[in-house]
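Residue-level structural notes
Here is what each chain is made of, one letter per residue.
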Amino acid sequence: MSMHPSEPLLRRDRLPHILCEGCGDGIIVNALLEAIVELNLPREKIVFVSGIGCSSRIPGYLLFDSLHTTHGRPIAFATGIKLANPELKVIVITGDGDMASIGGNHFLHAARRNIDMTVICSNNYTYGMTGGQVSPTTPRGWRTTTSPYGNAEPPMDIARVAVAAGANYVARWSTASPLQIKESIKKALTKEGFTLVEVLTQCPTALGRRNKLRTAVDMLRWYKENTVALHHAQELEEQGVDLSAKVVVGEFVDRDRPGLVRLLGLVKEEEKRIEKKEEKLTPEQRAAKRKEEEERLREARKRILEVIAKLGSPKIRRMIELGGDVEKIEKELVKHEG
Ligand SMILES: Cc1ncc(C[n+]2csc(CCOP(=O)(O)OP(=O)(O)O)c2C)c(N)n1
Ligand code: SF4
Ligand SMILES: [Mg+2]
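For every chain, the first residue of the written sequence is number 1, and numbering continues from 1 along that sequence. Written order determines the labels here, with chains lettered from A and ligands numbered from 1. Confidence filtering applies because this is a predicted model: local features only for residues at pLDDT of at least 70, side-chain atom pairs given and counted only at 80 or more, and all residues used for totals across whole chains, interfaces and linings.

This next bit is on the overall build of the protein chain. Within the protein chain, the regular secondary structure consists of 13 helices and 10 strands. Dimensions along the principal axes, computed over C-alpha positions, put the protein chain at roughly 70 × 50 × 35 Å. For every residue, the other C-beta atoms within 10 Å of its own C-beta are counted; 20 or more classify it as buried, 12 or fewer as exposed, and values in between as partly exposed. C-beta atoms are placed from the backbone. Taking all 338 residues of the protein chain together, 38% fall into the buried category. For the purpose of contact definition, each residue receives a C-beta atom placed from its backbone, and two residues are in contact when these atoms lie within 7 Å. Within the protein chain, contacts between residues at least 6 apart in sequence are counted, and of these 64% link residues at least 24 apart. Only DSSP runs of H or I covering at least 4 residues are called helices, and only runs of E covering at least 2 are called strands; the numbering of each starts at the N terminus.

This part covers the site of ligand 2. The environment of ligand 2 is made up of Leu 19, Cys 20, Cys 23, Asp 25, Cys 54, Asn 124, Gly 128, Met 129, Cys 203, Pro 204, Thr 205 and Ala 206. Grouping the constituent residues of the shell around ligand 2 by class yields 8 nonpolar, 3 polar and 1 charged. Any residue whose backbone-placed C-beta atom lies within 6 Å of a molecule or strand is treated as near that molecule or strand. Residues are grouped as follows: Ala, Val, Leu, Ile, Met, Phe, Trp, Tyr, Cys and Pro are nonpolar; Asp, Glu, Lys and Arg are charged; every other residue, Gly included, is polar.

Right, let's get into the nonpolar core. Buried together is how nonpolar side chains tend to be arranged in soluble globular proteins. One nonpolar core equals one set of buried Ala, Val, Leu, Ile, Met, Phe, Trp, Tyr and Cys residues connected by C-beta atoms within 7 Å. Counting residues in each nonpolar core, the largest one holds 57 residues, and the members touching the most others are Leu 32, Val 92, Ile 120, Ile 185 and Leu 196. Filtering out sequence-adjacent residues up to four positions away, Leu 196 remains in contact with Val 119, Cys 121, Ala 159, Ala 162, Ala 167 and Val 170. One finds Tyr 125, Cys 203, Ala 206 and Leu 207 within the second-largest nonpolar core, a separate group that totals 8 residues.

Our focus in this paragraph is the site of ligand 1. Of all residues adjacent to ligand 1, which total 17 residues, the nearest are Gly 53, Gly 95, Gly 97, Asp 98 and Gly 128. Those elements giving two or more residues to the shell around ligand 1 turn out to be helix H3 (96-102) and strand S5 (126-127). Take the shell around ligand 1: its biggest share by element is 3 residues, from H3. Partitioned by chemical class, the residues of the shell around ligand 1 number 4 nonpolar, 11 polar and 2 charged.

Burial analysis of strand S3 (residues 89-95) places 6 of its 7 residues in the buried class, which makes it a mostly covered element. Pairing between strands requires that DSSP locate at least two bridges from one strand to the other. In the sheet, S3 pairs with strand S4 (residues 117-123) via 5 bridges, with the strands oriented parallel. If you follow Gly 95 over to S4, its bridge partner there is Ser 122.

Looking now at the packing of helix H2 (residues 74-84) against helix H4 (residues 104-113). Two elements in contact, H2 and H4, have axes separated by 8 Å at closest approach and are oriented at 40 degrees. One finds that H2 runs oblique with respect to H4. Residues Ile 75, Ala 76 and Thr 79 of H2 touch H4, and the partners they reach there are His 106, Phe 107 and Ala 110. For the contact of H2 with H4, the per-class residue count stands at 4 nonpolar, 2 polar and no charged. Axis lines are fitted to C-alpha atoms, over the contacting stretch for helices. Their N-to-C directions set the angle, which ranges from 0 to 180 degrees. Our angle categories are set so that under 35 degrees counts as roughly parallel, over 145 as roughly antiparallel, 65 to 115 as roughly perpendicular, and the remainder as oblique.

Attention shifts here to helix H5 (residues 158-165). Residues of H5 that are buried include every one of Ile 158, Ala 159 and Ala 162, and no others. Taken down its axis, H5 places every buried residue within 100 degrees of arc, on the same side. The inward-facing, buried residues of H5 contact H3, H4, S4, strand S7 (169-174), strand S8 (194-200) and strand S10 (247-254). Gly 166, located one to two residues past H5, shows a positive phi value of around 130 degrees. Here the arc refers to the directions that run from the helix axis out to each C-beta atom.

For the rest of this paragraph, the subject is the packing of helix H1 (residues 25-39) against helix H6 (residues 178-190). Following both chains from N to C, one finds H1 and H6 inclined at 50 degrees, their axes separated by 8 Å at the closest point. Comparing the axis directions of H1 and H6 gives the class oblique. Here H1 runs over H6; the crossing is right-handed. Across the interface between the two elements, Ile 27, Ile 28, Asn 30, Ala 31, Leu 32, Glu 34, Ala 35, Glu 38 and Leu 39 of H1 pack against Pro 178, Ile 181, Lys 182, Ile 185, Lys 186, Leu 189 and Thr 190 of H6. Each residue belonging to the contact of H1 with H6 can be placed in one class, and the counts come to 10 nonpolar, 2 polar and 4 charged. Crossings are assigned a handedness: left-handed for a near helix turned anticlockwise from the far helix by less than a right angle, right-handed for a clockwise turn.

In structure tokens form, the structure reads like this:
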């Protein structure tokens, strides 16, 4: 069996994962990694930041630098990372509770400042990790542990709030449209400023089963039947069709306001810093530096292989103990996985 191109970006040593069977977060991981592979983004320039929740556990399974922070605060941590090192691509993975409830103010002001980061919000309409309480996005009438007779409150529209606050790019899709999710993540990752991809996703365990949507398939079908594409929604509304019970999906905004990093003049400073560093090096020093970096990467790969080998065969362990060639060990691992 051949390896999927995004598989080397997964941390197999962290398996088994905590997500339930049928959880929509798996679809988000797949779209996200495919987007990164297709954009050919360098791993060392990416940092993931997440809060607390099932969705916020995602970066822990990815072979990237990441920060698992506190509930509601990933955007605040991400702001610090971006301003301290504007060269990095900062990706926040958050949930509807994490982002719109406890983290609501961080979200509003990051979008208003148009700070350069990509936020992927797994909106499952509930607090999945803590057993399914009502969240700011729970639709009216839906039953949760804290709204057993049906939620009376009107929900927050995360995507439209982000547009109103000032984000450069905002899209919303459901997990029933994985290709659109991937394409939007690619766009979000290549734009300046605050970019958001909201993904309506299924939580059959804590929410679906309380609302006659017992399985992931039931929930995906619900999304297919109850979402309307933005351009259709506009046409239908003009014809007087009531869409209040539907969820609109699509690209809500795609604009080019300057991001906060540029507004603070950090882009120029960063460019100057890189130029200065490069200027000072002689061709020999540059070659030596490249060699050193290659050696560091080789060492890091070896360490990763050592961890992976614990899951592998005695033959692989022996090859690693004897300091065998990294490429040969990798080939053996692929063979072992069949
Ligand atoms: C300050 C604080 N308050 C409350 C909690 C409990 N808590 C953990 S996860 C969570 C909600 C997670 O919901 P969401 O962000 O939507 O993620 P999901 O699990 O649905 O993916 C809550 C309230 C906490 N960990 N810290
Ligand atoms: S409780 Fe819901 S959100 Fe959490 S892992 Fe299970 S299905 Fe996913
Ligand atoms: Mg949630």
